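As a plain string of letters, each chain reads:
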Amino acid sequence: MSDNKADDDMTPSEREQWLREHGILIETPEDRRQAVASATGTDGIVQQIQRLSLNSGDADGSETRAEGVQFVYLPHDTSKAISTVVLPLSVMKNMAPGGDFLPTYVKSFFADGRTIDEGLFNESVAKHNLVGGDLEKFAAQAAKEKGKTQTPSAKLTSNALTNATSSGSVETFPLVRPASTNQKKGVYIYLDEVGMLKNLPLNSRASKLAGQCGFFPEPKFYGDVFVGRVEANNFALRNVDLKREEILDSTSAWLVRAPGENLEWQQSFNDMKGATQESANDGTDGVAVNVEGDGQFAYSWLQSEDEVELTVALLTKEEELDGKKATKSLIKVSFRPQKILVKYDDNVKVEVELYSKIDVDGCTWTLDKNNLILTGEKADPGNWPRLQLSA
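Residues numbered from 1 in each chain as written. Predicted model: local features only at pLDDT ≥ 70, side-chain atom pairs only at ≥ 80, totals over all residues. Heavy atoms only, no water.

Peer 1: Would you mind showing me how to read the environment of Glu-319 here?
Peer 2: With respect to the helices and strands, the residue Glu-319 is situated in helix α12 (residues 317-321). Taking relative accessible area as the criterion, Glu-319 reaches 25% and is therefore assigned partly exposed. A polar contact of 2.9 Å, which involves the side chain of Glu-319, links it to the backbone nitrogen of Thr-316. (Helix = DSSP H or I, 4+ residues; strand = E, 2+ residues; numbered from the N terminus. Buried < 20%, exposed > 50% of the residue type's maximum accessible area, 1.4 Å probe, protein only. Polar contact = N/O pair within 3.5 Å; in protein donor to acceptor, adjacent residues only side chain to side chain.)

Peer 1: Where do I start with the pairing of strand β2 (residues 83-88) in this structure?
Peer 2: Side-chain positions along a regular strand alternate between the two faces of the sheet. Judged by how many residues are buried, β2 sits mostly within the fold: six of six residues are covered. Burial along β2 is two-sided: Ser-83, Val-85 and Leu-87 and Thr-84, Val-86 and Pro-88, pointing in opposite directions, are all buried. By the bridge criterion, six bridges tie strand β1 (residues 68-74) to β2 in an arrangement that is antiparallel. Looking at the pairing, Gln-70 lines up with Val-86 of β2. (Pairing = 2+ DSSP bridges.)

Peer 1: So what exactly am I meant to see when it comes to the packing of aromatic side chains here?
Peer 2: Geometrically, a pair of aromatic rings is defined through the distance of the ring centres and the angle of the planes. Counting across every chain of the model gives 11 aromatic pairs. Look at Tyr-73 and Phe-109: their rings are 6.1 Å apart centre to centre, the planes differ by 70°, and that puts the pair in the edge-to-face class. Taken together, the residues Tyr-73 in strand β1 and Phe-109 in the loop between α5 (102-106) and α6 (118-126) connect sequence positions 36 residues apart. Across the pair, Phe-109 and Tyr-73 agree in class, each one buried. Ring geometry for Phe-173 and Phe-221: centres 5.2 Å apart, planes at 85°, overall edge-to-face. Placement of the pair is Phe-173 in strand β3 (residues 170-176) and Phe-221 in the loop between α9 (204-212) and β5 (225-233), with a sequence separation of 48 residues. (Phe/Tyr/Trp six-rings, centres within 6.5 Å; stacked < 30°, edge-to-face > 60°.)

Peer 1: Would you explain the sheet that holds strand β10 (residues 331-336) in this entry?
Peer 2: Sheet strands pair via backbone hydrogen bonds, and the direction of the pair is either parallel or antiparallel. One open sheet accounts for three strands, arranged β10-β11-β12; its pairing is antiparallel. The open sheet is flanked by β10 and β12 (347-353), the only strands paired with a single partner. Across the sheet, the axes of successive neighbouring strands diverge by a mean angle of 5°, strand direction being ignored. Pairing of strand β11 (residues 339-344) with β12, which is carried by six bridges, proceeds in the antiparallel orientation. Counterpart to Leu-341 in the pairing with β12 is Glu-351. (Axes fitted to C-alpha atoms, helices over the stretch in contact; angles between N-to-C directions.)

Peer 1: Hey, could you run me through the pattern of salt bridges in this one?
Peer 2: Two side chains carrying opposite charge are able to pair once their charged atoms lie near each other. Scanning all chains against the criterion turns up 10 salt bridges. Arg-114 is the partner of Asp-112 in a salt bridge, and the nearest nitrogen-oxygen pair spans 3.7 Å. Via salt bridges that share partners, Asp-112, Arg-114, Asp-192 and Lys-198 belong to a single interconnected network. (Salt bridge = Lys/Arg side-chain N within 4 Å of Asp/Glu carboxyl O.)

Here's what the structure looks like:
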């Protein structure tokens, strides 16, 4: 390769070869994965996935399974099998005792060498919200890579973000949290924290699984993900088995319980904030604000610094006394950057122009008997003085 060849004309492999020939040490995603395997004395998650592709008939991993805790590989490609993989005991022995080891173990899988999409990055920065990641955290990581103490988030570039997450970056999404009704065992999705910004394909199977757990609309996940179970015992966490059959079978006990457990958790979380404290902003500290309409309250709302929650009564008191029940198929919810619209049986129940913007991708709804619970993720964290745009 000629030294005067324009850098822009080089392919990635040519650039890598040129750097090595000129004595520059570089680390590829495969190098990082091999380092994980060497450090733990066992094959990493990448090697397990590679073996699955070679043993297509071994979706449960029985032929190649090491001793350890089982969890599930959920690829975005629907032609690929949902498979059982293992968190080896040898890996857990090399880590600090206690805790969820899966984020550390699967991290190398997401060190795939993909770069951040410039257009998606700029769009996310404009919204002041990196979907699937935190801007300030990544800015700090980018600063650390450069040996600096601080880097303002406004100066974080797509290249810096690529470097900050080059070793893999894992986000966890709680499908259901530990509770007394599930023997303190929660189930979580482990995903690439910047998968959306890498322009990875949508994982429809992961979204459907979240929908089965009561999240509406179904959250979006990008690229391949993993699903694992964690047990909380005396405030300590430990990984426990989750088998592929428990993902594939919609009648699995944990899946059937999940919607109700998630709703109960959200209500308990709101109650925990306290309903007796005075606040300078409406809807804070767990104190709901009732909004009147048609002779009864049309909806109530709460807020935290990160979210706003609305509870909408779908039926009138008379309809409830007559024994009527709300029907999910009649519900239509529209989340817009600064507006929420709820229709039931084609009748408008709530139409609110919001005080500030929400992140549409982070909004969900859940049906609790005859009440609709809507949760909107704020585009910019902070308490709003009121819910509606106009006072």
